[in-house]
Amino acid sequence: MIPVSVVTGFLGAGKTTLLRRVLSDPAWADSAVIVNEFGEVPLDHELLAASEEVLVNVSTGCLCCVVRTDLTATLMDLARRRATGELPAYARVLVETSGLADPAPILHALMTDAAVAETHRLRGVVTLVDALHGAGALDRHPEARRQVLLADRVLVTKPDLGDAAAVAEAVQALHPGLPLRAAVRGAVEPDWLFAPGDPAPLPDPTARHSAGLASIVIEREEPIPALALTLWMQALAEHAGTRLLRLKGLVALAEDPSRPMVVHAIQHIVHPPDWLEHWPGGDRRTRIVLIGQGIPRHFPARLLAAIEAEVSAALR
Ligand SMILES: Nc1nc2c(ncn2[C@@H]2O[C@H](COP(=O)(O)OP(=O)(O)OP(=O)(O)O)[C@@H](O)[C@H]2O)c(=O)[nH]1
């Protein structure tokens, strides 16, 4: 039986950061990871793949909507290739859900699909709640509440940025007695995170997204000047406010297009950028995904074009 753990948490809660950390631990490097993202351009698997020689499989589209075929088919395909020796004998599967996923249909599929149930065992659900935005997400988004209700364990992330104790209290109010820890950038023992849990059977496998959410993708060949990128992210975050649920991307900067800059924003907070050593998968285009509520589809790209024009005029 192959153990499967589900890692969930609202948009930008720190799931990829946690998984990168877990996979960098030699005792956990033999994990197969299935990443799911809401958006047309998968970025998380690029970030994970760039950091580690791990097995990453992506199901695009929202896992909770297509889960019965997608997740179960992916799990079984991996298991078949593991059995034939085509893949290394990974010790477990970690499933990173989309930030907007209601975990119920995912767990339901894992527990009810006959082939999966014969070969896999659900270990538990780890839910990440962000100390900075978590309380707001729990207030506003039913998906975030479901993620806590269905959790076996909660990890409060970003305690360096927000009030971890207040978020822990909000979580406990929703789901009393839930084991909970706080950690910066996933610095927590994987043994605690992925200890066996006991997920209750789930009566309601139907998932619903909050209305009006859309993902907007920006893809570009031309590198972007650092100044234009900074001004654009600030303008977007300030203008869109809480309507900008998430922005993340790999960016080719005009100043150094040889390696990608990783950008993140969650609502109006723009995280400090990070760099990857090299472009994952050979694709050197800038790819940015935004998930917004009621942000006009063309607005982000037009704003970027306008700011770039201003910047290049100013530098001329
Ligand atoms: N300061 C601080 N930043 C963090 C911490 N954990 C994650 N981050 C940052 O938060 C941003 C989002 O982290 P991710 O790991 O991409 O979050 P995610 O949950 O995978 O995001 P989605 O896949 O979009 O839902 C990145 O800029 C991280 O570097 C933390 O504990 N402290």
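All values reported here derive from a predicted model rather than from experimental measurement.

Asks: I would appreciate a short explanation of the overall build of the protein in the present structure.
Replies: Check the secondary structure of the protein and you find 11 helices and 13 strands. Per-residue burial for the protein yields a buried fraction of 53% across its 316 residues. Considering only contacts in the protein between residues 6 or more positions apart, those separated by 24 or more positions represent 78%. Carbon and sulfur atoms make up 54% of the accessible area of the protein, which amounts to about 13400 Å² in all.

Asks: Explanation requested: the confidence of the model for the protein in the structure shown.
Replies: When pLDDT drops low, the exact placement of atoms in the prediction is not to be read closely. On average, residues of the protein score 82 in pLDDT, and 84% of them reach the 70 mark or higher. Within the model, pLDDT remains below 50 along residues 60–68, and this stretch shows 30 contacts once partners closer than five positions in the same chain are excluded. Of the regions scoring below 50 in pLDDT, residues 198–205 engages in 15 contacts with residues more than four places distant in sequence or in other chains.

Asks: Help me understand helix H7 (residues 142–149), please; the structure alone is not making it clear to me.
Replies: Side chains of residues three or four places apart in an α-helix project in the same direction, reflecting 3.6 residues per turn. Within H7, burial applies to Glu143, Ala144, Gln147 and Val148. Taken around the axis of H7, the buried residues stretch over an arc of 140°, which confines them to a single face. Buried positions along H7 lie against strand S1 (2–9), helix H4 (103–112), strand S5 (120–130), helix H6 (134–140) and helix H8 (164–174).

Asks: Whenever I open this one, the nonpolar core confuses me. Can you help?
Replies: Inside soluble globular proteins, nonpolar side chains tend to come together where they are buried. Grouped together as the largest cluster of nonpolar side chains are 23 residues, with contacts concentrated most on Leu229, Trp232, Leu247 and Leu290. At the level of secondary structure, the elements contributing two or more residues to this core comprise strand S8 (213–220), helix H10 (226–240), strand S9 (244–253), strand S10 (256–266), strand S13 (286–293) and helix H11 (299–315). Counting 22 residues, the second-largest nonpolar core is a separate cluster that includes Val4, Ala79, Ile106 and Val116.

Asks: What exactly am I supposed to notice about the site of the ligand here?
Replies: Around the ligand, the structure places 19 residues, and the nearest of them are Lys15, Thr17, Arg185, Arg246 and Lys248. Between the ligand and the protein, one listed contact pairs an oxygen atom with a backbone N or O atom of Gly14 at 2.9 Å. Isolated, the ligand exposes 650 Å² of accessible area, and the fraction of that covered by the protein chains is 94%. Elements with a minimum of two residues in the shell around the ligand: helix H1 (15–24) and S9. With three residues, H1 is the single largest residue contributor to the shell around the ligand.

Asks: Which parts of the structure should I look at to understand unusual backbone geometry?
Replies: Glycine aside, residues mostly have negative phi, and peptide bonds are mostly found in the trans state. Non-glycine residue Lys158 carries a positive phi angle of around 55°. On the secondary structure map, Lys158 appears in the loop between strand S6 (153–157) and H8. Located in the positive-phi region is Arg185, a residue other than glycine, with phi close to 50°. Along the chain, Arg185 turns up in the loop between strand S7 (180–183) and helix H9 (190–193).

Asks: It is not clear to me how the packing of aromatic side chains should be interpreted in this structure. Could you clarify?
Replies: For any pair of aromatic rings, geometry is given as the distance between the ring centres together with the angle between the planes. Within the structure shown, the criterion is met by one aromatic pair. Sitting above the plane of the Tyr90 ring, Arg82 keeps its charged end 5.1 Å from the centroid. Of note, Arg153 hangs over the ring of Trp192, and the distance from its end group to the ring centre comes to 5.6 Å.

Asks: Would you mind showing me how to read H11 here?
Replies: Counted at 1.5 Å a residue, the expected span for H11 with its 17 residues is 24 Å, and the 24 Å between its end C-alpha atoms agrees. Considered for burial, the residues of H11 that qualify are Pro300, Leu303, Leu304, Ile307, Glu308 and Val311. In an axial view of H11, the angular spread of the buried residues amounts to 135°, which keeps them on one side of the axis. Residues of H11 that are exposed and point over 90 degrees away from its buried face: Arg302 and Glu310.

Asks: Which parts of the structure should I look at to understand the pairing of S10?
Replies: If a strand is regular, its side chains alternate between the two faces of the sheet. Sheet analysis places S9 next to S10, joined by six bridges and oriented antiparallel. Note on S10: the bridge partner recorded for Gly249 is Val263. In this sheet, strand S12 (residues 274–275) lies alongside S10 in antiparallel orientation, the contact comprising two bridges. Its bridge partner being in S12, Val262 is matched across the sheet by Asp274. Pairing of S10 with strand S11 (residues 269–270) involves two bridges; the strand directions are antiparallel. The partner of Ala265 across the bridge, within S11, is Val270. The turn linking S10 back onto S11 is made up of two residues, and Gln267 within it adopts a positive phi angle of 55°.

Conventions used here
Residues numbered from 1 in each chain as written. Predicted model: local features only at pLDDT ≥ 70, side-chain atom pairs only at ≥ 80, totals over all residues. Heavy atoms only, no water. Helix = DSSP H or I, 4+ residues; strand = E, 2+ residues; numbered from the N terminus. Buried < 20%, exposed > 50% of the residue type's maximum accessible area, 1.4 Å probe, protein only. Contact = heavy atoms within 4.5 Å. Areas by Shrake-Rupley, 256 points an atom, 1.4 Å probe, with all protein chains shown as cover. pLDDT = per-residue confidence, 0-100. Arc of directions from axis to C-beta. Core = buried A, V, L, I, M, F, W, Y, C linked by side-chain atoms within 4.5 Å. Near = heavy atom within 4 Å. Polar contact = N/O pair within 3.5 Å; in protein donor to acceptor, adjacent residues only side chain to side chain. Phe/Tyr/Trp six-rings, centres within 6.5 Å; stacked < 30°, edge-to-face > 60°. Lys NZ or Arg CZ within 6 Å of the ring centre and 35° of its normal. Expected span 1.5 Å × (residues − 1). Pairing = 2+ DSSP bridges.

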